[in-house]
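This is what each chain is made of:
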Amino acid sequence: MKTLLKSLSLGAFSLASLIALAPASVSAASITGVVIGGTAANDFYVYDVNASNQTVRIPSPNLSDVQRVLDGNASNPTGNVELAASSEQSTFDFTKNTTLQGTIGSKSLILSSLTLSDWNSSYLGTTLGQYWFNQALTSNGLGALVGTATATSVFNSFVSNGGFQRFSDPNISYVNQDDTTGLISIGLAGHYNATPLLFPIVPPTLQPLLSGKTIQASELVKYSYDGQTGYLFNFKATPSGLVAADDGVSHTGNYELILQGARPVPVPPALIGIAFAGAIGASILKRREANKL
């Protein structure tokens, strides 16, 4: 009986160790320990969700409010945090940024609004601003315009009318990491149809290009993670099921951005063998003891 108990204990310990070390197959962890920083650390808004599925700005948010609204996902966003919230105001300082920093999967992740120097930085053979603009045209069925005088005119008008600023203030709605793949999902709340947003910042003569079209384009977010820095954006939204209470059009779309995060540490094969050997041994000894009784 003493041998049986010892074997059972070893088997249980091995299996418990295996379970503790094995990554969850379907669960996802949210970002934790969130703080707001940057060179314009006070330039942010926090939007909660009311019973009518409207996003409502919290007047004097604290960090617990910031953390709470980030705990949703693509199918159930629970609000958002807008960085560089004053970006559309005439007094906006385009040399400063606002950041959201936290821990996900034991690593630090910093998400930031963009500055003018970000837009003008070198990116894939051109500037970030020109690359993003060309991708926006292509992804919305206007790729034939890229490189033409018409596109140049639209781009210049977009920039001079504050287009960069309008897309520099990401509304972060969630940050989650898949425990199996390591993929980090970052949700940005935006316009499901951004056409009305673009109309005021392109020349009237070119507005017919947008008329009747559903234009989708996320804001941009800058990230720093695991020694790397880059930019994330896309041009495909899903309905968020929400709408901003103050204007009736914002936050209707969810743009999910994907960042490859650190993968979970795999369970060593030797540990798996030990665990199952212990369990099998315990089962055999249990049957032997039962036959002696």
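Values in this document were obtained by computation on a predicted structure and should not be read as measured data.

**Quick notes on the pattern of salt bridges**
Here's step 1: Summed over all chains, the structure comprises five salt bridges.
Here's step 2: Across the pair aspartate 48 and arginine 68 runs a salt bridge, and its minimum N-O distance is 2.9 Å. Residue aspartate 48 is found in strand β3 (residues 44-49), and its partner arginine 68 is found in helix α2 (residues 63-69); the two are separated by 20 residues along the sequence.
Here's step 3: The exposure class of arginine 68 is partly exposed, given its relative accessible area of 37%.
Here's step 4: One salt bridge in this structure joins aspartate 65 and arginine 68, with 3.0 Å as the shortest N-O distance. Here aspartate 65 pairs with arginine 68, and both are found in helix α2, just three residues apart, close to one helical turn.
Here's step 5: Here the residues in one salt-bridge network are Asp48, Asp65 and Arg68, joined through shared partners.

**Remarks on the nonpolar core**
Here's step 1: One finds Trp119, Trp132, Phe133, Phe158, Phe167, Leu198 and Leu220 to be the most contacted residues of the largest nonpolar core, which totals 30 residues.
Here's step 2: Only α4 (128-139), α5 (149-160) and α7 (195-198) provide two or more residues apiece to this core.
Here's step 3: Looking at which element gives the most residues to this core, the answer is α4, with five residues.
Here's step 4: Those residues in contact with leucine 220 that sit more than four places away from it in its chain are Leu114, Trp119, Leu128, Trp132, Phe167, Pro170, Leu232 and Phe233.

**So, unusual backbone geometry**
Here's step 1: The backbone of serine 106 shows a phi angle near 70°, a positive value even though the residue is not glycine.
Here's step 2: With respect to the element layout, serine 106 can be found in the loop between β6 (99-104) and β7 (107-112).
Here's step 3: Here aspartate 226, not a glycine, exhibits a phi torsion of approximately 55°, which is positive.
Here's step 4: If you trace the backbone, aspartate 226 turns up in the loop between β12 (221-225) and β13 (228-232).

**A word on α4**
Here's step 1: Counted at 1.5 Å a residue, the expected span for α4 with its twelve residues is 16 Å, and the 16 Å between its end C-alpha atoms agrees.
Here's step 2: The first or second residue beyond α4 is glycine 141, which carries a positive phi of 80°.

**Description of the packing of α4 against α5**
Here's step 1: Relative to each other, α4 and α5 sit at 120°, their axes nearing to 11 Å. One way to sum up the angle between α4 and α5 is to call them oblique. Viewed along their axes, α4 and α5 form a crossing whose handedness is right-handed. Together, Gly129, Gln130, Trp132, Phe133 and Leu137 of α4 and Ala151, Val154, Phe155 and Phe158 of α5 make up the contact between the two elements.
Here's step 2: Broken down by class, the residue content of the contact of α4 with α5 amounts to seven nonpolar, two polar and no charged.

Thresholds applied
Residues numbered from 1 in each chain as written. Predicted model: local features only at pLDDT ≥ 70, side-chain atom pairs only at ≥ 80, totals over all residues. Heavy atoms only, no water. Salt bridge = Lys/Arg side-chain N within 4 Å of Asp/Glu carboxyl O. Helix = DSSP H or I, 4+ residues; strand = E, 2+ residues; numbered from the N terminus. Buried < 20%, exposed > 50% of the residue type's maximum accessible area, 1.4 Å probe, protein only. Core = buried A, V, L, I, M, F, W, Y, C linked by side-chain atoms within 4.5 Å. Contact = heavy atoms within 4.5 Å. Expected span 1.5 Å × (residues − 1). Axes fitted to C-alpha atoms, helices over the stretch in contact; angles between N-to-C directions. Parallel < 35°, antiparallel > 145°, perpendicular 65-115°, else oblique. Left-handed = near helix turned anticlockwise from the far one by under 90°. Nonpolar A, V, L, I, M, F, W, Y, C, P; charged D, E, K, R; others polar.

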